[in-house]
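# Close look at the chain arrangement
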Amino acid sequence: MDSVVLRLSKMIPQLREEPDLESKDLRDYAEFDSLGILEVLVWLEDEFAVSIPDEELRVENFKSVGMIVDYVIAHR
C-alpha cells in the first residue's frame with residue numbers, strides 16, 4: 001500500500017502535503033479535472049499493470065487516494 005501511495009504522490013505532488021492523505025477527495029485539486037482523472041487512470045494502468053474496464057471508469061471509483069490504492073491492490 002505504501003508503495004502505491006508513494007508512487008501516486010510523485011504523480012500528484014500536492015498529495016505530499018496532505019495530513020489525511022487516504023481520505024482526501026482528489027476532486028478538490030484543480031489538476032484532478034476530467035483530463036487529470038484520465039491521466040491518472042492511464043498512469044495507473046501503466047505503472048501497476050492493471051487493466052481498468054470501461055464499466056469501472058467512474059470518478060466514484062477513483063476519487064480518493066484510498067480508493068485508488070484499494071483498486072490497485074484488488075486488481076494486481
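Everything that follows concerns the structure shown earlier in this document.
Only a predicted model underlies this, so the values are computations on that prediction, with no experimental measurement involved. Every chain's residues receive numbers from 1 upward, in the order its sequence appears when written. Predicted model: local features are reported for residues with pLDDT of at least 70 only, side-chain atom pairs are reported and counted for 80 or more only, and whole-chain, interface and lining totals are derived from all residues. As a rule here, side-chain values cover all heavy atoms of the structure and leave hydrogens and water aside.

Moving on: the environment of V69. Secondary structure elements are defined from DSSP: runs of H or I of at least 4 residues count as helices, runs of E of at least 2 residues count as strands, and each element is numbered from the N terminus. Inspection of the secondary structure puts V69 in helix α3 (residues 65-75). Measuring from C-alpha to C-alpha, the distance between V69 and L8 comes to 9.0 Å, with 61 residues separating the pair along the chain.

In this section: the packing of helix α1 (residues 2-11) against α3. In a packed pair of helices, the relevant descriptors are the angle between the two axes and the axis-to-axis distance. Axes here refer to lines fitted to C-alpha atoms; in helices the fit is confined to the stretch in contact. Angles between the N-to-C directions go from 0 to 180 degrees. For the pair α1 and α3, the least separation of the axes is 10 Å and the interaxial angle reads 125 degrees. Judged by the angle between their axes, α1 and α3 are oblique. Here α1 runs over α3; the crossing is right-handed. Each of V4, V5 and L8 in α1 lies in contact with α3, whose residues at this interface are V65, I68, V69 and V72. For classification, angles of less than 35 degrees are called roughly parallel, those exceeding 145 degrees roughly antiparallel, those between 65 and 115 degrees roughly perpendicular, and all remaining angles oblique. For a crossing to be left-handed, the near helix must be turned anticlockwise from the far one by less than a right angle; the clockwise case is right-handed. Here, residues are in contact when the closest pair of their heavy atoms is within 4.5 Å.

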